[in-house]
Amino acid sequence: MFKRILVAVDRSELSEGVFQGALQVAKAMQAEMMILHVLSQEEPGAPEPPMILGMDYSSALSAELWQSYREQCAIFEQNQMNYLRSLAEKATEEGVRAECNLSYGSPGRVICNLARSWKADLIVVGRRGYSGLSELFLGSVSNYVLHRAPCSVLTIQGETLKKGSQPQANQVAAPPS
């Protein structure tokens, strides 16, 4: 039986389906949830650090560019945290105890480390369906997590969600007692 479910979300279209799938499982199992978003430079919409190449910028201009970048990062981080809080509120409204965590780093590594330290029974992640060269070049968080997780992993397939079907809690098999 799952009692502690770690759900990893981002801001993609797939994310809402991943959250809903995890919420259904949490409700069915009377489990608590940790909703995680991992910030990384590769994330769409993430602020880009200033590029000062081949030009002789004054230190005042350089400082101004870095200050602007830090402000953009703070706004981006606050927006992500607001998103996580809204998901936690939805879970609470559905009767599921939920907390949220915003971390920086390599998504797969952060997910597995948090699952270990939080003592998660189940990790729920999305899978976009990349394979072959796309997976090689774009990486695969779900693949990393599947091979290194300290607990069971449920992947929500992106193609299934695009077709309009919602994941069902009864599609998840609990590990043998």
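All figures in this text were calculated on a predicted structure; none of them were measured in a lab.

Conventions and cut-offs
- Each chain has its residues counted from 1, running along the sequence as written.
- Given that this is a predicted model, residues contribute local features only at a pLDDT of at least 70 and side-chain atom pairs are listed and counted only at 80 or more, while totals for whole chains, interfaces and linings are drawn from all residues.
- Values shown for side chains rest on all heavy atoms present in the structure; no hydrogens or waters enter the calculation.
- Definition used in this section: a nonpolar core is a set of buried Ala, Val, Leu, Ile, Met, Phe, Trp, Tyr and Cys residues joined via side-chain atoms within 4.5 Å.
- Think of it in three bands: with a 1.4 Å probe and only protein chains considered, a residue is buried below 20% of the maximum accessible area for its type, exposed above 50%, and partly exposed in between.
- Every helix listed is a DSSP run of H or I at least four residues long, and every strand listed is a run of E at least two residues long, numbered separately from the N terminus.
- By the convention used here, residues are in contact when the closest approach between their heavy atoms is within 4.5 Å.
- When the centres of two rings from Phe, Tyr and Trp lie within 6.5 Å, Trp using its six-membered ring, the rings pair. Their planes under 30 degrees apart give stacked, over 60 give edge-to-face, and anything left gives tilted.
- Charges are assigned to positions over rings by a cutoff of 6 Å between ring centre and Lys NZ or Arg CZ, combined with an angular limit of 35 degrees from the ring normal.
- A strand pair is defined by DSSP finding two or more bridges across the two strands.
- To obtain each axis, a line is fitted to C-alpha atoms, and for helices this fit is confined to the stretch in contact; angles are then taken between N-to-C directions over 0 to 180 degrees.
- One fewer than the residue count of a helix, multiplied by 1.5 Å, yields its expected span.
- Every crossover in which the path from the first strand over the helix to the second runs clockwise, viewed with the strands pointing away from the viewer, is termed right-handed.

Draft legend 1. Here's a closer look at the nonpolar core. Membership of the largest hydrophobic core comes to 27 residues, with the highest contact counts inside it found for Ile 5, Val 7, Val 9, Phe 19, Met 33, Ile 35 and Val 124. Listing elements by their share of this core, those giving two or more residues are strand 1 (4-8), helix 1 (13-29), strand 2 (32-39), helix 2 (59-93), strand 4 (122-127) and strand 5 (152-157). Looking at this core, the element that brings in the most residues is helix 1, giving eight residues. Setting aside residues no more than four positions away along its own chain, Met 33 makes contact with Ile 5, Val 7, Phe 19, Ala 22, Leu 23, Ala 26, Ala 91, Val 96, Arg 97, Ala 98, Glu 99 and Trp 118. Ala 8, Leu 36, Ile 123 and Val 145 belong to the second largest nonpolar core, which has 16 residues in total.

Draft legend 2. Representation of the environment of Val 38. Residue position: Val 38 is located in strand 2. For the pair Val 38 and Gly 105, spaced 67 residues apart in the sequence, the C-alpha separation amounts to 6.5 Å. Among all residues touching Val 38, those that are not within four sequence positions of it are Glu 43, Ser 103, Tyr 104, Gly 105, Ser 106, Pro 107 and Val 110.

Draft legend 3. Region of interest: the packing of aromatic side chains. Scanning all chains against the criterion turns up one aromatic pair. Between the aromatic rings of Trp 66 and Tyr 69, the centroid separation amounts to 5.5 Å while the plane-to-plane angle is 85°, which identifies the pairing as edge-to-face. Taken as a pair, Trp 66 and Tyr 69 lie in helix 2 at a separation of three residues, close to a single helical turn. Here Trp 66 falls in the partly exposed class, since its relative accessible area comes to 34%. You can call Tyr 69 buried: its relative accessible area is 13%. We note Arg 4 situated over the ring of Trp 118; from NZ or CZ to the ring centre the distance is 4.1 Å. Taking NZ or CZ as reference, Arg 11 lies 4.2 Å from the ring centre of Tyr 83, over its face.

Draft legend 4. Focus on the sheet that holds strand 2. Across the sheet, which stays open at both edges, the five strands sit in the order 3-2-1-4-5 with parallel pairing between neighbours. In this open sheet, the two strands that pair with only one neighbour each are strand 3 (98-104) and strand 5. Strand-to-strand twist in this sheet, taken as the mean axis angle between neighbours without regard to direction, amounts to 25°. Strand direction decides the pairing type here: strand 4 and strand 5, joined by six bridges, are parallel. Note on strand 5: the bridge partner recorded for Leu 122 is Ser 152. The strands that helix 3 (residues 107-118) touches are strand 1, strand 2, strand 3 and strand 4; relative to strand 2, the one it contacts most, it runs at about 150°.

Draft legend 5. Region of the structure containing unusual backbone geometry. Residue Gln 30 is not a glycine yet carries a positive backbone phi of 55°. In this structure, Gln 30 sits in the loop between helix 1 and strand 2. Gln 30 gets classed as exposed once you look at its relative accessible area, which sits at 68%. At Lys 119, a position not held by glycine, the phi torsion is positive, near 65°.

Draft legend 6. Quick peek at helix 1. Taking 1.5 Å of rise per residue, the 17 residues of helix 1 would be expected to cover 24 Å, and the 26 Å separating its terminal C-alpha atoms lies within 8% of that figure. Every buried residue of helix 1 is accounted for by Leu 14, Ser 15, Gly 17, Val 18, Phe 19, Gly 21, Ala 22, Leu 23, Val 25, Ala 26 and Met 29. Among the residues trailing helix 1, Gln 30 stands out with phi positive, at a value near 55°.

Draft legend 7. Representation of the pairing of strand 1 within the structure. Most of strand 1 sits out of view: four of its five residues are buried. Sheet topology places strand 1 next to strand 2; five bridges connect them, and they run parallel. Bridging across to strand 2, Arg 4 finds its partner in Glu 32. Once you follow strand 1 into helix 1 and on to strand 2, the crossover reads as right-handed. Across three bridges, strand 1 lies against strand 4 in parallel orientation. Residue pairing across strands places Leu 6 opposite Ile 123, the latter belonging to strand 4.

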